[in-house]
Amino acid sequence: MAQAPCSEPGSDPREQDAAGKSSRLDLFKFVPFRLNRLAAEVSSALAAEYQARYGLDIPEWRVLATLGFRSDACSAQYIAHCTRTHKSTISRAVTALMKRQMVERVENADDRREFRLRLTRKGAALYEELIPRLLRREQEILSCLSAQERKNLALLLGKIEDSLALVRDSHEADAKEAY
């Protein structure tokens, strides 16, 4: 049986109908929108743990969190890249944290023109105090899911991260100096 020749794109009325229907985007079904909205809400929920009690804003927490999980000092550019936060926002957060003596600059042994950042003892103590609180809050947020659903969520997020070539653990992040 011979195949019908392919028609020009858009010449089939069914394609035109499908294209017309798909040109309206329902944001509440659009996965990037949903992920962004969830991230913003989760970030706000976690922020409640460190804003009122410790006076940290979200960018300041991102700096502390990035420096806290690393074994070595890193650049502000690395933090901006890892957290997907604009470099000027990270710069302001670093300045505020330096004023509070939670972060300090150290000279880069490989390039003396560049400074790296690390937590001070005060910053490290705050980080260690916050971690259990934030982990508890994470568990509260995820409490609507069963244990199996949590595993499935982690697996699905990992698949998306892999498809976008994102780093998935701290050892890989340290090795690549990237998230």
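Small disclaimer: the values here were computed from a predicted structure and weren't measured. (Residues numbered from 1 in each chain as written. Predicted model: local features only at pLDDT ≥ 70, side-chain atom pairs only at ≥ 80, totals over all residues. Heavy atoms only, no water.)

Remarks on the overall build of the protein chain
For step 1, the next point in the chain: Looking only at helices and strands, the protein chain features eight helices and two strands.
For step 2, the next point in the chain: Listing each helix as α and each strand as β along the protein chain from the N terminus yields α-α-α-α-α-β-β-α-α-α.
For step 3, the next point in the chain: The buried share of the protein chain, reckoned over its 179 residues, is 26%.
For step 4, the next point in the chain: When contacts within the protein chain are restricted to residue pairs at least 6 apart in sequence, those whose partners lie at least 24 apart make up 52%.
For step 5, the next point in the chain: For the protein chain, the accessible surface area stands at approximately 12,900 Å², while carbon and sulfur atoms represent 54% of it. (Helix = DSSP H or I, 4+ residues; strand = E, 2+ residues; numbered from the N terminus. Buried < 20%, exposed > 50% of the residue type's maximum accessible area, 1.4 Å probe, protein only. Contact = heavy atoms within 4.5 Å. Areas by Shrake-Rupley, 256 points an atom, 1.4 Å probe, with all protein chains shown as cover.)

Section: the nonpolar core
What tends to happen in soluble globular proteins is that the nonpolar side chains get buried as a cluster.
For step 1, the next point in the chain: Residues Tyr50, Leu56, Val63, Leu64, Leu67, Val103 and Leu130 are the most contacted members of the largest nonpolar core, which totals 27 residues.
For step 2, the next point in the chain: Elements represented by at least two residues in this core include exactly α2 (31–54), α3 (58–69), α4 (76–83), α5 (87–99), β2 (115–119) and α6 (121–142).
For step 3, the next point in the chain: Filtering out sequence-adjacent residues up to four positions away, leucine 56 remains in contact with Tyr50, Gln51, Leu64, Leu97, Arg100, Leu126 and Leu130. (Core = buried A, V, L, I, M, F, W, Y, C linked by side-chain atoms within 4.5 Å.)

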